[in-house]
Amino acid sequence: MSGESVSSVQKAIARNKLSTRTMALAAIFAAMNIILTRVGVIMLFGGVVRLSLGKLPLILSGLLLGPFAGGLAGLVGDVLGVIINSHGAPMIHPGFTLSSVLTGALPGIIVILSGKKRTSLFNVLTSNIVVLVLVNFILDAIWLSQMYGNPYLVVFHTRLVPHIIIGVANILLTYPLLKSFIKAGLASDIVEGRKINT
């Protein structure tokens, strides 16, 4: 990465501040995450597979608001979500909290590093795929393996097909929702302080 590109990324991160408006929007996305994860969810195989669109609001928060606000939405959504409905879990699991934070933060980081518009196909696809692979398939499977005492590969294979389906649904929903939020004036399509690559 050239010196100019590094400087551009640093400026974009520095300007990615948590304004009152940004925090309010992050709170809305956290609330959507709680509803979809704790209420609108289907639990299969004793809790090993959780079918929901709960990660979608966090991905949107990262894409729209940046990594800090996206990570904050993930943190609040997980902690409050466990308090509201833990689905039988005895306490807050720091691993799942980390997963939730990363789900919100990673899309924001991808937008800044890509230098493309928030609604670019690259950002939408990359954000969803990174979250699907790193968070769903790797990290969450590790935490579930620890919680239930099942071998990692058993948990991984049990979750593989259902979460690919959810991942595809997230991708299909992310782009139109992202465009709608930007059209409504909730965020700019261009990252401030970052030169847009075409």
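Here the structure is shown first, and the text comes after it.
Predicted model only: the values in this text are computed from it and were never measured. (Residues numbered from 1 in each chain as written. Predicted model: local features only at pLDDT ≥ 70, side-chain atom pairs only at ≥ 80, totals over all residues. Heavy atoms only, no water.)

**Student:** How should the overall build of the chain be read in this particular structure?
**Tutor:** A count of helical and extended segments in the chain gives seven helices and two strands. Of the regular secondary structure in the chain, the N- to C-terminal order runs α-α-β-β-α-α-α-α-α. Counting all 198 residues of the chain, 45% fall into the buried class. About 9700 Å² of surface is accessible on the chain, with carbon and sulfur atoms providing 72% of the total. (Helix = DSSP H or I, 4+ residues; strand = E, 2+ residues; numbered from the N terminus. Buried < 20%, exposed > 50% of the residue type's maximum accessible area, 1.4 Å probe, protein only. Areas by Shrake-Rupley, 256 points an atom, 1.4 Å probe, with all protein chains shown as cover.)

**Student:** What should I look at first to understand the packing of helix α2 (residues 20–39) against helix α3 (residues 55–65) in this one?
**Tutor:** Pairs of packed helices are described in terms of their axes, by the angle between the two and the distance that separates them. In the contact formed by α2 and α3, the axes pass within 7 Å of each other and the chain directions differ by 165°. Taken together, α2 and α3 sit at an angle that is classed as roughly antiparallel. The interaxial crossing formed by α2 with α3 has right-handed handedness. Residues Thr22, Leu25, Ala26, Phe29, Met32, Asn33 and Leu36 of α2 pack against Lys55, Pro57, Leu58, Leu60, Ser61, Leu64 and Leu65 of α3. When its residues are assigned to classes, the contact of α2 with α3 shows 10 nonpolar, three polar and one charged. (Axes fitted to C-alpha atoms, helices over the stretch in contact; angles between N-to-C directions. Parallel < 35°, antiparallel > 145°, perpendicular 65-115°, else oblique. Left-handed = near helix turned anticlockwise from the far one by under 90°. Contact = heavy atoms within 4.5 Å. Nonpolar A, V, L, I, M, F, W, Y, C, P; charged D, E, K, R; others polar.)

**Student:** Hey, could you run me through the pattern of salt bridges in this one?
**Tutor:** Any two side chains of opposite charge can pair if their charged atoms end up close together. Under the definition given, this model contains one salt bridge. Here Asp140 and Lys55 are joined by a salt bridge, their closest N and O atoms 3.2 Å apart. With Asp140 in helix α6 (residues 121–148) and Lys55 in helix α3, the pair connects residues that are 85 residues apart, well separated along the chain. Judged by its relative accessible area of 6%, Asp140 falls in the buried class. With a relative accessible area of 23%, Lys55 lands in the partly exposed category. (Salt bridge = Lys/Arg side-chain N within 4 Å of Asp/Glu carboxyl O.)

**Student:** Can you help me understand the nonpolar core in this one?
**Tutor:** Burial of nonpolar side chains together is a common tendency in soluble globular proteins. Within the largest apolar cluster, 23 residues are counted, with the highest numbers of intra-cluster contacts made by Phe29, Leu60, Leu64, Leu65 and Leu178. Where this core is concerned, the elements lending two or more residues are α2, α3, α4 (67–84), α5 (94–114), α6 and α7 (152–183). At seven residues, α3 tops the list of elements feeding residues into this core. When neighbours within four sequence positions are excluded, Leu60 is seen to be in contact with Phe29, Leu65, Thr174, Leu177, Leu178 and Phe181. (Core = buried A, V, L, I, M, F, W, Y, C linked by side-chain atoms within 4.5 Å.)

**Student:** Even after reading the chapter, I still don't get the packing of α2 against α4, so can you show me in this structure?
**Tutor:** Where α2 meets α4, the closest approach of the two axes is 8 Å, and the angle between their N-to-C directions is 40°. For the element pair α2 / α4, the angle class is oblique. When you trace α2 past α4, the crossing you get is right-handed. For the pair α2 and α4, the contacting residues are Thr22, Ala26, Ala30, Asn33, Ile34 and Arg38 in the first and Ala69, Ala73, Val76, Gly77, Asp78, Leu80, Gly81, Val82 and Ile84 in the second. Residue classes in the contact of α2 with α4 are distributed as nine nonpolar, four polar and two charged.

**Student:** Please explain the packing of aromatic side chains as it appears in this structure.
**Tutor:** In this description, a pair of aromatic rings is defined by centroid distance and the angle of the planes. This structure, assessed with the given rule, holds three aromatic pairs. Ring centres of Phe29 and Phe181 lie 5.5 Å apart, and the angle between their planes is 75°; this geometry places the pair in the edge-to-face category. In this pair, Phe29 is assigned in helix α2 and Phe181 in helix α7, connecting sequence segments 152 residues apart. Under the relative-accessibility criterion, Phe29 is labelled buried at 4%. Taken together, Phe137, Tyr152 and Phe156 form an aromatic cluster joined through their ring pairs. (Phe/Tyr/Trp six-rings, centres within 6.5 Å; stacked < 30°, edge-to-face > 60°.)

**Student:** What should I look at first to understand α4 in this one?
**Tutor:** Residues three or four positions apart in an α-helix share a direction because the helix packs 3.6 residues into each turn. Here α4 is 18 residues long and its end C-alpha atoms lie 25 Å apart, about the 26 Å a rise of 1.5 Å per residue gives. Among all positions in α4, only Pro67, Ala69, Gly70, Gly71, Ala73, Gly74, Gly77, Asp78, Gly81 and Val82 are buried. Buried residues in α4 make contact with α2, α3 and α5. (Expected span 1.5 Å × (residues − 1).)

**Student:** Please explain the environment of Val155 as it appears in this structure.
**Tutor:** Its place among the elements puts Val155 in helix α7. Distance from Val155 to Ser145, taken between C-alpha atoms, is 6.5 Å for residues 10 residues apart in sequence.

Purely geometric stuff here, so don't read any function into it on its own.
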